[in-house]
Amino acid sequence: MTTQSLKAREELEGRIKGNVLIPEGSGYEEARQIWNAMIDRRPAAIVQCVEADDVPPLIRFAKENGLELSIRGAGHNIAGNALCDNGITIDFSRMKNVRVDVGKKRAYVEPGATLADLDEATQAHGLATPVGINSTTGIAGLTLGGGFGWLTRKYGMTIDNLLSVDMITAEGEKIGASETDNADLFWAIRGGGGNFGVVTQFEFQLFPVGPEIFAGLIVFPFIQAKQILNKYRQFVESAPEDLNIWVVLRKAPPLPFLPANVHGKEVVVLPVFYSGAAAEAEKLIAPLRAFGKAHGEHFGAQPYVAWQKAFDPLLTPGARNYWKSHNFTGLGDAALNSIIEFAGRLPSPQCEIFIGLIAGAPNRVPPGAMAYGHRDARFVLNVHSRWEDAKEDQKCIGWAREFFRASEPYASAGAYVNFMTAEEGDRVAAAYGSNYDRLREIKNRYDPKNVFHLNQNIKP
Ligand SMILES: Cc1cc2nc3c(=O)[nH]c(=O)nc-3n(C[C@H](O)[C@H](O)[C@H](O)COP(=O)(O)OP(=O)(O)OC[C@H]3O[C@@H](n4cnc5c(N)ncnc54)[C@H](O)[C@@H]3O)c2cc1C
């Protein structure tokens, strides 16, 4: 055990209610696992907080001892900044409570909650707010970077529905932020990630959703990719905003509605989500069947919370992952050609290219309204390289990088910080575009010493 670990345990245990986990102590190895198995970091102490008051002593201890501080929501960020080497990890995995005020349609969410925690609590009352598409993702990291999913076309990004936060600053002070309280800070945290302080509670606006929605998949042969993507981009131009359709190009998983000889072959999958009246759904999706000759489809009414978990089996923790991402205002022919070329040579059975559709409510927010400013983006492309064996690192990372460069000329400016890897620090200023100068100015006021630097860092 390092001196720092022992000192942390000795000094902190009397001052906080949470658990201090140190190497060689029980629970430590499990607590240092995060979603992306490429990250292997060993904090001096992982502190599992149980209340907001646990946080200020941790910040003070790290500063007094010159230690790095990292913050862990649900540990899904690809860059792995939830953990640090030899520093203090503020771990919120024991703070997952979600309280719903049904009358006001508000949710009050602790920073360790996952999407599943939020969805399950809100859906008990037929309510929801837009979040991502994998239920084990953390609300904290997702929200602070932006957040989008099936409900985004209709109700906006997750940050568009964030009403307030409780935070602890770099000075260990408890403050609130909202449109009327520390408004500059509230502007900055809506997209600016964990750069400005530690959020201990999020307050969200909720909307009536489900609890049953209509959703499913239609799967086409890869050979028809050009025609499918062509028809897709035309179709979504005029599709209503409560209908969302994404595109996934990958090798077919063994889905029961697909013929066995299709399993493992390249396919084009259109995941479809409709939150409007069920009677309308069949009419709305009928044209999709004329996009091509499908291998199979599986559609129907189902609980919103079930659909929110539909992709979890493909996105389990423990694999090696490397991502690259671009925003697009439109999908031109050259962009589609590039997507099809690289989807035709996937380097592993788990690699995929997905196109998320976010056209709608997010585009009606002015780009300067908050730190996340990509209000012209209608599609988000993610090159998701995923594999099991470290021997394949070079091949799988190389494929993602090559595709990223090839598709770059067709992308719009900016980038989604939640999809950026640890090596993309030089992309941060570009990611925020014209909002970057204001972010730096706010960083200078709230964290001039860059205590919170394990993130897509806005340098003071
Ligand atoms: C399988 C998978 C599916 C995804 N799907 C989507 C999707 O559909 N839509 C989408 O928008 N994104 C999606 N993402 C990206 C996701 O939004 C980011 O990875 C996000 O950062 C994850 O949040 P987390 O709390 O789990 O991450 P963590 O790794 O725990 O945290 C990420 C960073 O956020 C900061 N942070 C965390 N908690 C706090 C806090 N309480 N206070 C201050 N800073 C904090 C820290 O800087 C930390 O390093 C997905 C990611 C994965 C792995």
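Structural data are supplied above this passage.
Conventions and cut-offs
- Residues numbered from 1 in each chain as written.
- Predicted model: local features only at pLDDT ≥ 70, side-chain atom pairs only at ≥ 80, totals over all residues.
- Heavy atoms only, no water.
- Near = heavy atom within 4 Å.
- Polar contact = N/O pair within 3.5 Å; in protein donor to acceptor, adjacent residues only side chain to side chain.
- Areas by Shrake-Rupley, 256 points an atom, 1.4 Å probe, with all protein chains shown as cover.
- Helix = DSSP H or I, 4+ residues; strand = E, 2+ residues; numbered from the N terminus.
- Nonpolar A, V, L, I, M, F, W, Y, C, P; charged D, E, K, R; others polar.
- 1 Å grid on protein atoms, 1.4 Å probe; cavity = no way out; pocket = protein on both sides within 12 Å on 5 of 7 lines; lining within 4 Å.
- Points joined across faces, edges and corners; volume = space filled by probe spheres on them.
- Pairing = 2+ DSSP bridges.
- Axes fitted to C-alpha atoms, helices over the stretch in contact; angles between N-to-C directions.
- Contact = heavy atoms within 4.5 Å.
- Buried < 20%, exposed > 50% of the residue type's maximum accessible area, 1.4 Å probe, protein only.

Enquirer: Looking at this structure, how should I read the site of the ligand?
Expert: Around the ligand sit 34 residues, and of these G73, G75, N77, F148 and Y416 come closest. In the environment of the ligand, a nitrogen atom lies 2.9 Å from a nitrogen or oxygen atom belonging to the backbone of V199. Within the complex, 97% of the 950 Å² of free accessible area of the ligand lies under protein. For the shell around the ligand, the secondary-structure elements that each account for two or more residues are strand 3 (69-72), helix 5 (139-145) and strand 10 (198-205). Broken down by element, the residue count for the shell around the ligand peaks at four residues, all from helix 5. Per-class residue counts for the shell around the ligand are 18 nonpolar, 15 polar and one charged.

Enquirer: Hey, could you run me through empty space enclosed by the protein in this one?
Expert: As enumerated under the stated definition, the model contains one cavity of 30 Å³ or more in all. Computed from the structure, the largest cavity encloses a volume of approximately 30 Å³. In this structure, the largest cavity is lined by G145, G191, Y372, H374, A415, Y416, V417, A431 and Y432. When grouped by side-chain class, the residues that make up the lining of the largest cavity number six nonpolar, three polar and no charged.

Enquirer: Explain the sheet that holds strand 4 (residues 88-91) to me, please; I cannot follow it from the model alone.
Expert: By definition, the strands of a sheet pair up through backbone hydrogen bonds, in either a parallel or an antiparallel sense. Spatially, the four strands line up as an open sheet ordered 1-2-4-3, and their pairing is mixed. Strands with a single pairing partner mark the edges of an open sheet, and in this sheet they are strand 1 (19-21) and strand 3. For this sheet, the mean inter-axis angle between neighbouring strands, taken without regard to orientation, is 20°. Where strand 3 lies against strand 4, four bridges are found, and the strand directions are parallel. Considered in strand 4, the bridge of R72 is made with D91. The sheet contacts of helix 1 (residues 3-13) involve strand 1, strand 2 (45-48) and strand 4, and relative to strand 1 the element is tilted by about 175°. Strand contacts of helix 3 (residues 55-64): strand 2, strand 3 and strand 4, with the helix running at about 165° to strand 4, the strand carrying the most contacts.

Enquirer: Honestly, helix 4 (residues 115-123) in this entry has me stumped. Any pointers?
Expert: Each α-helix winds once per 3.6 residues, and so residues spaced three or four apart point in a common direction. Burial of helix 4 is extensive: seven of the nine residues sit out of reach of the surface. For helix 4, the set of buried residues is L115, A116, L118, D119, A121, T122 and Q123. Residues of helix 4 that are buried make contact with strand 5 (98-101), strand 6 (106-109), strand 7 (127-128), helix 5 and helix 10 (304-307).

Enquirer: Would you take a moment to explain the pairing of strand 19 (residues 379-387) for this structure?
Expert: Regular strands place their side chains on alternate faces of the sheet. Of all nine residues that make up strand 19, nine are buried, and the element is covered over most of its length. Side chains F379, L381, V383, S385 and W387 of strand 19 all project onto a buried face; the interleaved residues V380, N382, H384 and R386 project onto the opposite face, where all are buried too. Bridging between strand 17 (residues 320-328) and strand 19 involves nine bridges; their strand directions are antiparallel. Paired with Y322 across the bridge in strand 19 is S385. Inspection of the sheet shows strand 18 (residues 352-357) paired to strand 19 by six bridges, in the antiparallel sense. The residue bridging I353 from the neighbouring strand is V383, located in strand 19.

Enquirer: I'm lost on the layout of surface pockets in this one. Help?
Expert: Empty space among the atoms becomes apparent when a probe as large as a water molecule is rolled across them. In this structure, the second largest pocket occupies an estimated 240 Å³ of space. Around the second largest pocket, the lining is made up of 16 residues, and of these R72, A74, H76, T114 and T136 lie nearest the centre. Classifying every residue of the lining of the second largest pocket gives four nonpolar, nine polar and three charged.

Interpretation note: all reported values are geometric properties and have no functional meaning in isolation.
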